[in-house]
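# Summary of the model geometry
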Amino acid sequence: MDQAVRKKRKRGPRKSKAEERAKALRSITDSKGSNGQTTVSRKAVAEAARLIPDQSLVKNVQSKLATKHERLKLQSAKSLAPSGHDTQHGERVSSSPLPDSLSTLSSTLGHPTCRVIEQKHGEEYILVIEHCQEVCFHGKALVSCLHGSVFIYGCTLHPGQKPLPVYAPRTHSALFITPLPQDEEQVVESEHVKQLLGEDIKEDTVVVLLQKLKCPMVDYVTSVKEYANVFYWENKSKDKVVERVMSLKDSKHLESIGFHVVDDPSSPRLFTPEPVRSALSDVMEQVEHAVTKGTTAPVILLCGGKNSGKSTLARFLINLMLSSCEEVYHLECDIGQTEFTPSGFVSLTHVNTPTVGPPFTHQKTPDRCCYYGHLSPGDDPDRYVRTLKYVHQGYRGDAPLIVNTMGWTQGMGLHLLMDTIHLVHPSHILQLKGRKSAQDLPELSPEYLHTQPGWTYANIQEETNKEGDDIIPINPELVYLQVGNDMTRHTWFTASEFRSMALMATLSSLQPARGVLPLNGLTPRAVPWTTVAVHICNADVPPSQIMYVLNAGVVALCQADDKELSRLRQGALPDGPVVLQDTPICQAFGIGVVRGIDMERKLFYILTSVEEDRLLRVNVLLCGALSVPTPLMLQQNVERPVPYVTSDFSPDGDIFGATPLRIRKNLQRERRQTGGTSGIGFVSANHQELRT
């Protein structure tokens, strides 16, 4: 009996057909030769053909087998060839010609469909694209179309248009230059293009001018070592057998201006699935109809879970709409990852130029802006809704509006989304649904929107909200967009670092025209204490400690009306500024850095780029969750240790500290029922009771 058991254990369990198929595929793709190169056994291919019903997999492996054998022959011929001279790229080339079948040393499969013509070395290059070949790239460049038309991230470029600044850092997916079909009757061949390509220009040829892009905002962000290489892309496929759109020599030319061609198919790329393109096409038709007919401007609200692509889609829609209308408005409701301002602001921004790049490449001054002071609306949801209402009141309705919401889809986040929908009254809701269902919103059907309450606003079947405002029924068109948000993360940058990059881009306006100066090398503005009131938004700070918090801090420069100031006035410090007891909801003009405080002359020294006429109207300084980015704090011209920065705190563990006291403003209050059924009811801010 024991011997039979031992034999059974020795044989092991019987393998299923699926396991045998998987083993056959592994024998094809994972086998290694003695020289370290991948080899494919013809016997393994035959075995896979017998076990695997899908013969397309086998045919694919057979084609790879032929390619591998040709590559091994090429390497063998190169090793046996007589020695020659080194090329400029470091490759060893034989002095005697090789056979025709082995004459190429490029790892390109097929004939390249793109070529590069040098215009000005290291500054300008002409990119000639044939056969409607898409070009995937990282980096940055100034793109102009000389012949034909191309499509880049929602923007359509035609000959004669202004050059388009394009940014594709490695922190985000690679972008595409996509040639568009041409109408022979509308194509006009310029003399410059005829001189470049000759008289015989193919029908599907597109000519693009790529120029080196210089942007003070981006140059300042990349001036620190932490972010110096965000636009650099290492071509890891140069030694691989891949299908290239151009030769390696041409790719090297474009890299000299910061434009990196991506040939590796495994690199993350920005693409739009066909169902999404079809849905967006329908939405754009309605937008164009509303613009041409002069009817009510559409309001498009984007919602979905975290990392589902809301901000990416918002930029794409802005670029699409600018092709049919002159201006678009953008309402930012995601205070943790804002688009046109530093974090912590709710803003309404007027956009009339394309936005091809992440937020730190296009910081702008919004039309209406209010400083919330936190990085999450959950810290003070009531004030978040009031702030959103105040900013949205600045929208005149004369141009399309795109509303970007946060990715908080559960609990309070869902209630705040309902409040946002009730406030902005969208004509379209684009709901992004990913493959991770746990982060998805419930289906925002009309029935759901009519019954689901918000944090402040009741459901729309009620007559008013708790503030007494009338609630107008809404009936938006709902569009579902299936996206794949479970891709492997291709960047090691965190949300905090993206916030720092956007803040640095805003502070770049402080720098002189040439060179980069540290913060303590810039000239500040002197602001008397008697002209401003101060408040700390994100912590409960005793008045006696407020000056310590403000020093070397980032503040929002705001203008509040006298009625609001008198209502929130807490008192004044001895011989100091007025201190507010709560955050006022008012217009913010920009940000500043408190470089120093003069206690004798009673002055704040503030670094800011706010215009002089607006600066004279500032009467409130709000300090919140924003702080000076660490790279800027460390790069200062000081001989002693940098203030407020230390690398080894409490090495012996005998120093104790404390964190600021936070006030919780997001708690639901408990009250006892006064009538009806007995029991205890928990009442939320929208006055709906949940009985237990």
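Quick note: structure is the one above.
This write-up is about the structure you can find in this document. Sequence order as written defines residue numbering, which begins from 1 separately in each chain. Restriction of local features to residues with pLDDT of at least 70 applies here, the model being predicted, together with a cutoff of 80 or more for giving and counting side-chain atom pairs; totals for whole chains, interfaces and linings are based on all residues. Heavy atoms from the whole structure form the basis of all side-chain values; hydrogens and water molecules are not counted.

## With respect to the pattern of salt bridges
- A carboxyl oxygen of Asp or Glu within 4 Å of a side-chain nitrogen of Lys or Arg is what we treat as a salt bridge. Evaluated as defined, the whole model comprises 8 salt bridges.
- For Lys140, the salt bridge identified is with Asp219, shortest N-O distance 3.5 Å. Pair noted here: Lys140 is in strand S5 (residues 135–147) and Asp219 is in helix H6 (residues 216–221), with a separation of 79 residues, a long-range link.
- Between buried and exposed lies partly exposed: a residue is buried under 20% and exposed over 50% of the maximum accessible area for its type, with that area taken using a 1.4 Å probe on protein chains only. For Asp219, a relative accessible area of 34% puts it in the partly exposed group.
- For Asp398, the salt bridge is made with Arg396, and the minimal N-O distance between the two is 3.2 Å. The way it works is that DSSP assigns letters per residue, a run of H or I at least four long becomes a helix, a run of E at least two long becomes a strand, and they are numbered from the N terminus.

## What about the side chain of Ser251?
- Residue position: Ser251 is located in helix H7 (residues 248–255).
- In what follows, residue pairs with any heavy atoms lying within 4.5 Å of each other are defined as contacts. In this view, Ser251 contacts Met246 and Val261; residues no more than four positions away in its chain are not counted.

## Observations regarding the sheet that holds strand S26 (residues 620–623)
- If DSSP finds at least two bridges between two strands, the strands pair. As summarised here, the arrangement of the 8 strands in space is S19-S25-S24-S21-S26-S20-S23-S22, forming an open sheet in which the pairing is mixed. Each having just a single partner strand, strand S19 (525–528) and strand S22 (569–572) make up the two edges of the open sheet. Between one strand axis and the next, the sheet turns through 40° on average, direction left out of account.
- Pairing between strand S20 (residues 533–536) and strand S23 (residues 578–580): 2 bridges, direction parallel. Along S23, the bridge assignment pairs Val534 with Val579. In this analysis an axis means a line fitted to C-alpha atoms, helices contributing only their contacting stretch, and an angle means the value between N-to-C directions, from 0 to 180 degrees.

## Some words on helix H10 (residues 381–392)
- To estimate the expected span of a helix, subtract one from its residue number and multiply by 1.5 Å. A rise of 1.5 Å per residue sets the reference length of H10, with its 12 residues, at 16 Å; its end C-alpha atoms lie 16 Å apart and thus fit the reference within 8%.
- Most of H10 is tucked away, with 9 of its 12 residues classed as buried.
- Listed as buried for H10 are Pro381, Arg383, Tyr384, Val385, Thr387, Leu388, Tyr390, Val391 and His392.
- Its buried side turned inward, H10 meets strand S13 (328–332), strand S14 (345–351), strand S15 (368–371), strand S16 (401–404), helix H11 (412–424) and strand S24 (587–598).

## Some words on the packing of aromatic side chains
- Working definition: rings of Phe, Tyr and Trp (its six-membered ring) pair if their centres are within 6.5 Å, and the pair is stacked with planes under 30 degrees apart, edge-to-face with planes over 60 apart, and tilted otherwise. Applying the stated criterion across every chain, the model contains 11 aromatic pairs.
- With a centroid separation of 6.1 Å and 50° between ring planes, the pair formed by Tyr167 and Phe231 is classed as tilted. Pair noted here: Tyr167 is in strand S8 (residues 164–168) and Phe231 is in the loop between H6 and H7, with a separation of 64 residues, a long-range link.
- Consider the rings of Tyr372 and Tyr384, whose centres lie 5.8 Å apart with planes at 80°: the pair is edge-to-face. In this pair, Tyr372 sits in the loop between S15 and H10 while Tyr384 sits in helix H10, placing the two residues 12 residues apart along the sequence.
- Residue classification places Tyr384 among the buried residues on the basis of a relative accessible area of 2%.
- A network of ring pairs unites the aromatic residues Phe151, Tyr153 and Phe316 as a single cluster.
- Lys140 extends its terminal NZ or CZ atom over the ring of Phe231, reaching a point 5.4 Å from the ring centre. Two thresholds decide whether a charge sits over a ring: the Lys NZ or Arg CZ must be within 6 Å of the ring centre and within 35 degrees of the ring normal.

## Description of the sheet that holds S16
- The 7 strands are arranged S15-S14-S13-S16-S12-S17-S18 in an open sheet whose pairing can be described as mixed. The outermost strands of the open sheet, each flanked by one partner alone, are S15 and strand S18 (477–482). Adjacent strand axes in the sheet meet at a mean angle of 15°, parallel and antiparallel pairs treated alike.
- Its contacts with the sheet put helix H8 (residues 274–293) on strand S12 (299–304), strand S17 (428–433) and S18, and the angle it makes with S18 is roughly 150°.

## Digging into the pairing of strand S10 (residues 206–211)
- Buried residues dominate S10, accounting for 6 of its 6 residues.
- Neither face of S10 is open: one carries Val206, Val208 and Leu210, the other Val207, Leu209 and Gln211, and all of them are buried.
- Where strand S4 (residues 124–129) and S10 come together, 6 bridges link them in antiparallel fashion. Looking at S10, one finds that Glu124 is bridged to Gln211.
- Note that S5 and S10 share 5 bridges and pair antiparallel. Paired with His147 across the two strands is Val207, which belongs to S10.

## Considering helix H9 (residues 310–321)
- Taking 1.5 Å per residue as the helical rise, H9 with its 12 residues ought to reach 16 Å, and the 16 Å between its terminal C-alpha atoms agrees with that figure.
- Among the 12 residues of H9, 10 are classified as buried, and the element is accordingly described as predominantly covered.
- Those residues of H9 lying buried are Lys310, Leu313, Ala314, Arg315, Phe316, Leu317, Ile318, Asn319, Leu320 and Met321.

## Structural notes on the nonpolar core
- If you look at the biggest cluster of nonpolar residues, it comprises 56 residues, and the most contacted ones within it are Leu127, Phe259, Leu317, Leu430 and Leu481.
- Of all the elements, H9 adds the most residues to this core, at 7 residues.
- Ignoring anything within four residues of it in the chain, the contact list for Leu430 reads Leu280, Val283, Ile300, Leu301, Leu302, Cys303, Leu313, Leu317, Val479 and Leu481.
- Membership of the second largest hydrophobic core comes to 47 residues, among which are Cys215, Phe498, Ala533 and Ile591. Take the buried residues of types Ala, Val, Leu, Ile, Met, Phe, Trp, Tyr and Cys, join any two whose side-chain atoms come within 4.5 Å, and each joined set is a nonpolar core.

## Regarding the packing of H10 against H11
- Here H10 crosses H11 at 25°, and the two axes come no closer than 10 Å. On the basis of the axis angle, H10 is roughly parallel to H11. The chirality of how H10 crosses H11 is right-handed. From H10, Pro381, Tyr384, Val385, Leu388, Lys389 and His392 reach across to H11, where they touch Met412, Leu416, Asp419, Thr420, Leu423 and Val424.
- Three residue categories are used. Nonpolar comprises Ala, Val, Leu, Ile, Met, Phe, Trp, Tyr, Cys and Pro, charged comprises Asp, Glu, Lys and Arg, and polar comprises the others, including Gly. Broken down by class, the residue content of the contact of H10 with H11 amounts to 8 nonpolar, 2 polar and 2 charged. Roughly parallel means an angle under 35 degrees; roughly antiparallel, over 145; roughly perpendicular, 65 to 115; everything else is oblique. Should the near helix be turned anticlockwise from the far one by less than a right angle, the crossing is left-handed, and should it be turned clockwise, the crossing is right-handed.

## Focus: the side chain of Thr341
- On the secondary structure map, Thr341 appears in the loop between S13 and S14.
- Not counting residues within four places of it along the chain, the set of residues in contact with Thr341 comprises Ser347, Gln363, Lys364 and Pro366.

## Observations concerning the environment of Leu417
- The residue Leu417 is located in helix H11 in this model.
- Take Leu417: its relative accessible area is 6%, and that puts it in the buried class.
- Note: C-alpha distance between Leu417 and Trp455 (38 residues apart in sequence) is 8.7 Å.
- Once residues lying within four places of it in the same chain are set aside, the contact partners of Leu417 are Leu301, Cys303, Thr405 and Leu441.

## Thoughts on the packing of H8 against H9
- Close contact between H8 and H9 brings their axes to 11 Å; oriented N to C, the two are set at 45°. By the criterion of interaxial angle, the relationship of H8 to H9 is oblique. Between H8 and H9 the crossing geometry is right-handed. Residues Leu280, Met284 and Val287 of H8 form the contact with H9, whose participating residues are Leu313, Phe316, Leu317, Leu320 and Met321.
- Per-class residue counts for the contact of H8 with H9 are 8 nonpolar, no polar and no charged.

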